[in-house]
Amino acid sequence: MRGTLHLPAHWVKDNDADRMRLSLRFIIPLLLVLAAFAYAVVPLVDRLTVRWFERDLDIRANLIANMVEDPVQDLLRAGNRARILQFFAKITQDERLYAMGFCPSPSDPPVATVSLPLEINCDRLDQWEGTNPSDHLLDSPNGRLLVSVRPLVTEDAPEGRLVLVHDMSFVERRSAETRKYLFYFFIGLAATVSLITVVVAQLSWRGWVQGLRALLRGEGLLRPSDQPDKPELRPIARDLRALIRDIQQEHHARDDDQTIWTPESLRAILHGELRGQDVIVVSNREPYVHVRHGDTIAIQRPASGLVTAVEPIMRACSGTWIAHGSGSADRDVVDRHNRVAVPSESPAYRIRRVWLTEQQERGYYYGFANEGLWPLCHIAHVRPTFRTSDWEQYVHVNRLFARAVVQESTSSDPIVLVQDYHLALVPRLVRQELPAATIITFWHIPWPNPEAFSICPWREELLDGLLGSSILGFHTQFHCNNFVDTVDRVLEARADRETFTVSYRGELTAVKRYPISIEWPPSPELIRKPVEQCRRDVRARHSLPDQHAIGVGIDRLDYTKGIEERLRAVERFLELSPEWVGKFTFIQIAAPTRSSIEQYHAYEERVRELAMRINAAFPTAAHPPVILHIEHHDAKEVYEYYRACELCFVSSLHDGMNLVAKEFIAARDDERGVLILSQFTGAARELPEALIVNPYDADQCAAALRMALEMSAAEQRARVRLMRGLIRDFNVYRWAGRMLMDAAGMRRRGRLLERVAAPVSMNRTRTYEHAAFP
């Protein structure tokens, strides 16, 4: 047995006294510094608080002026002074609003509440007009007041100004509370720091420094020592890992709320969080199509929500976009590596084109993708068709795209964004060649419930391909739920419904909701033409009077878009509201798509016949109820229609998001126009200020059309303003930024786990060798 070492009692006492003296050397200067800091900070915070409240009240004055503008103009026009005073008295019931008045001109007496201070006269309002709210203060027997003057012009009072007097007494109360809280805060801070200092002084300095160094190296509690595993440390390590995860989630949420999402912020994330690596986008559809017209080559932008969303991201981040070269002149403009820089006028990234034979395109694109997966994932009552030959072409083409990704990658761990249902096998194929790649797959269409998806004969292969992704994104949480339910039903995989991750083949895939959006602000090119000129040009183009009301629908000619239901709703509206016959025309722009598929060809014929029948049903109309354009329109033309119409009607029968709704709102910088939106779109969850309808209910849609045409300008402005604010904050850069931030977090965690796993593996090897060969 080993003996026990006993120290003399006076040694222990002297050591404790030394520690206490050492602690006091830290605590006393620290308390003095905190006291001096508090003495300097409290007056500064007091002044800042007053300035913040002054600025807040000044902004509040703008809001009140905007709110009362229309009611006051109506009351002035009616000449009802008593009602104006009653209206002002009702508003000044707010405890912060002391008085309110209106000056028709400098020479007239004010129309004001009795509490308006005598110092405020209509002929001396200039002293209260300025950019600095601190110059607008007025001392009164009841305390300090803040005076705000805002213009309020009417026909009868072209020099009218609205006077708002705010009670500042609450600011003094808030300042006193702030001083009290700061006092308590510094006392608590001093006590906490003192306690920590005493505790640290009692510890072994040498052991503390060694432990801190180990923790900074990523070791410490997360690194097993050379001694056998200690069960008592397991709860501490588990709690530490949970704390790190909570801090990461809080940091992510804070960044997501505070970041202003622009191309510049997206580039900053790419260079800061992802070390400036290029992004590789993979999709079937290319953003620019080169088409030959005689001896010239024209460039077309396809009508695609995917292209609308992803193309601004590539312009912001650069990189490579891999896509099927489908244009008649695509081969003529690429280099020997099948690449072309775009946009041609100012290249920002490059397209790498993949060439397909007619047979491959027919089987992979028209066959399996659009006769099989498209109707399978949409509730549009079209039966999906699955053929073995189509599946074989689908597999072969997915391999071609995956091979192109590997060829274009300049590192072993690229960032790959796989887009949509055409390329469901690419994530797994890329993972096999580039195990360290960060693969983000976004499924742009709805994901069906497990029962519907089980129709597909190759359901296991599709799910296996998608679960090669690091992150799998959908528009809505409902689609995420459906996917996890499908995996749980079809595969031998572990689905965690708390974190929405799927563990399969020893790999983890995060299933997340990323509502897609559009570029904000819209390109200046698209909204350069004034709204009034757009209205005149569109009506002149269709031989309609200047005041003729028009509605628009902008879609691909697809049976999921509900174009037949939309036109029937227009017909029903004119039946129920005959006074609008000859005064309202609905212009439907439908871009041809997939016309070689029988269902699409038949659908086009039905739409044409329906439009002709509706026009024939109203022979006395001076102008046709329906104008149908089945042709491609470029973005400028589409935005011209958005800006010219009274309403936009989106009647999709089933849609992942639908970016037409968001484009219409973004185009209306005049804050006019009404959006009628199907409840079966993802956008309906984000834009509740639209008129939400069931496209199968013709009477409800007809009522919405009437409501839209008769909606007041004020209500239109209020609805559009709210929707524009949401699209501004939740734009496409936020959509991409959130995915890239999640990818960056996943890469960091992966590197940390590798660092932690390496010592664990080495320690286990040493333990095994020691046991086997003592």
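1. Comments concerning the overall build of the protein chain
Thought 1: Across its full length, the protein chain carries 24 helices and 23 strands.
Thought 2: A burial count over the protein chain gives 49% of its 774 residues as buried.
Thought 3: Long-range contacts, defined as pairs at least 24 residues apart, comprise 72% of the intrachain contacts of the protein chain with a sequence gap of at least 6.
Thought 4: If you sum the accessible surface of the protein chain, you get close to 39,400 Å²; carbon and sulfur atoms cover 54% of it.

2. Details of the packing of aromatic side chains
Thought 1: With the rule as written, the count across this model stands at 25 aromatic pairs.
Thought 2: Relative to Y394, the ring of F368 lies with its centre 4.6 Å away and its plane at 50 degrees, an arrangement referred to as tilted. Within this pair, whereas F368 is found in helix α9 (residues 358–377), its partner Y394 is found in helix α10 (residues 388–408), the two being separated by 26 residues in sequence. Each of the two residues, F368 as well as Y394, counts as buried.
Thought 3: A connected cluster of aromatic rings, assembled from ring pairs, spans Y364, F368, F386, W391, Y394, F401 and W458.
Thought 4: For R566, the ring lying beneath its charged end belongs to F649, and the centroid distance is 6.0 Å.
Thought 5: Positioned above the aromatic ring of W374 is the side chain of R594, whose terminal nitrogen or guanidinium carbon lies 4.5 Å from the ring centre.

3. Some words on the nonpolar core
Thought 1: Counting residues in each nonpolar core, the largest one holds 94 residues, and the members touching the most others are L462, F483 and L647.
Thought 2: Considering every element that reaches this core, the biggest residue donor is α10, with 9 residues.
Thought 3: Setting aside chain neighbours within four positions, we find L462 in contact with F368, L373, W391, Y394, A424, L425, F453 and C456.

4. Let's talk about the sheet that holds strand β21 (residues 647–650)
By definition, the strands of a sheet pair up through backbone hydrogen bonds, in either a parallel or an antiparallel sense.
Thought 1: Here we have 6 strands laid out as an open sheet, ordered β20-β19-β18-β21-β22-β23, and parallel in their pairing. Looking at which strands have only one partner, the edges of the open sheet turn out to be β20 (626–630) and β23 (691–693). Put simply, the sheet's adjacent strands are angled 20 degrees from each other on average, direction ignored.
Thought 2: Sheet topology note: the strand β18 (residues 549–556)/β21 ladder contains 2 bridges and is parallel. By the bridge assignment for β21, V552 is matched with C648.

5. A short note on the state of the cysteines
Thought 1: Scanning the model with the defined rule gives 1 disulfide in all.
Thought 2: Across a sulfur-sulfur distance of 2.1 Å, C103 and C122 are joined as a disulfide pair. With the S-S dihedral at roughly -85 degrees, the linkage between C103 and C122 falls on the left-handed side. Within this pair, whereas C103 is found in strand β1 (residues 97–103), its partner C122 is found in the loop between β2 (111–112) and β3 (137–140), the two being separated by 19 residues in sequence.
Thought 3: Of all cysteine sulfurs, the one in C456 lies closest to C377, which takes part in no disulfide; the gap is 9.0 Å.
Thought 4: With a relative accessible area of 1%, C377 lands in the buried category.

6. A short note on the confidence of the model for the protein chain
Thought 1: With 84% of its residues at a pLDDT of at least 70, the protein chain reaches an overall mean of 83.
Thought 2: Within the model, the stretch residues 212–229 combines pLDDT values under 50 with 18 contacts to residues more than four positions away or in other chains.

7. A look at the environment of Y288
Thought 1: Here Y288 is to be found in the loop between β6 (279–282) and β7 (289–293).
Thought 2: Look at Y288 and you get buried, because its relative accessible area is 9%.
Thought 3: Through-space distance from the C-alpha of Y288 to that of R301 is 5.3 Å; in sequence the pair is 13 residues apart.
Thought 4: When sequence neighbours within four positions are dropped, the list of residues in contact with Y288 reads I299, Q300, R301, E311, V342, P343, Y349, I351 and R353.
Thought 5: A polar contact is formed between the side chain of Y288 and the side chain of E311, at a distance of 2.9 Å.

8. Notes on the pairing of β6
Thought 1: Side-chain alternation along β6 places V279 and V281 on one buried face and I280 and V282 on a second face that is also buried.
Thought 2: With 4 bridges connecting them, β6 and strand β12 (residues 415–419) associate as parallel partners. Bridge pairing in β12 places I280 opposite V416.

9. Structural notes on the pairing of strand β17 (residues 507–513)
Thought 1: Sheet topology note: the strand β14 (residues 471–474)/β17 ladder contains 4 bridges and is parallel. The residue of β17 that forms the bridge with I471 is A510.
Thought 2: As paired elements, strand β16 (residues 501–504) and β17 share 4 bridges and run antiparallel to each other. Pairing of Y504 across the sheet is with E507, part of β17.

10. With respect to the pattern of salt bridges
Thought 1: Scanning all chains against the criterion turns up 43 salt bridges.
Thought 2: One salt bridge in this structure joins R428 and E507, with 3.1 Å as the shortest N-O distance. Residue R428 is found in helix α11 (residues 426–433), and its partner E507 is found in strand β17; the two are separated by 79 residues along the sequence.
Thought 3: Given a relative accessible area of 29%, E507 falls into the partly exposed group.

11. Considering the sheet that holds β14
Thought 1: Pairing is mixed across the open sheet formed by 10 strands, whose spatial order is β10-β11-β9-β6-β12-β13-β14-β17-β16-β15. Among the strands making up the open sheet, the edge pair consists of β10 (339–342) and β15 (494–496). The mean angle between the axes of side-by-side strands here comes to 20 degrees, regardless of whether they run parallel or antiparallel.
Thought 2: Note that β10 and strand β11 (residues 349–354) share 4 bridges and pair antiparallel.

12. A closer look at a nonpolar patch on the surface
Thought 1: On the surface, a nonpolar cluster with roughly 480 Å² of combined accessible area is contributed by Y181, F183, Y184 and I187.
Thought 2: Inspection of the secondary structure assignment puts I187 in helix α3 (residues 169–202).

13. Considerations on the side chain of E371
Thought 1: On the secondary structure map, E371 appears in helix α9.
Thought 2: A residue is classified by how much of its surface remains accessible, and E371, at 15% relative accessible area, is buried.
Thought 3: Beyond its immediate chain neighbours, meaning those up to four positions away, E371 contacts Y366, R383, P384, T385, R387, I597 and Q599.

Conventions and cut-offs
- Residues numbered from 1 in each chain as written.
- Predicted model: local features only at pLDDT ≥ 70, side-chain atom pairs only at ≥ 80, totals over all residues.
- Heavy atoms only, no water.
- Helix = DSSP H or I, 4+ residues; strand = E, 2+ residues; numbered from the N terminus.
- Buried < 20%, exposed > 50% of the residue type's maximum accessible area, 1.4 Å probe, protein only.
- Contact = heavy atoms within 4.5 Å.
- Areas by Shrake-Rupley, 256 points an atom, 1.4 Å probe, with all protein chains shown as cover.
- Phe/Tyr/Trp six-rings, centres within 6.5 Å; stacked < 30°, edge-to-face > 60°.
- Lys NZ or Arg CZ within 6 Å of the ring centre and 35° of its normal.
- Core = buried A, V, L, I, M, F, W, Y, C linked by side-chain atoms within 4.5 Å.
- Pairing = 2+ DSSP bridges.
- Axes fitted to C-alpha atoms, helices over the stretch in contact; angles between N-to-C directions.
- Disulfide = S-S within 2.5 Å.
- pLDDT = per-residue confidence, 0-100.
- Polar contact = N/O pair within 3.5 Å; in protein donor to acceptor, adjacent residues only side chain to side chain.
- Salt bridge = Lys/Arg side-chain N within 4 Å of Asp/Glu carboxyl O.
- Patch = residues over 30% accessible without salt bridge, like charges linked within 9 Å, V, L, I, M, F, W, Y side chains within 5 Å.

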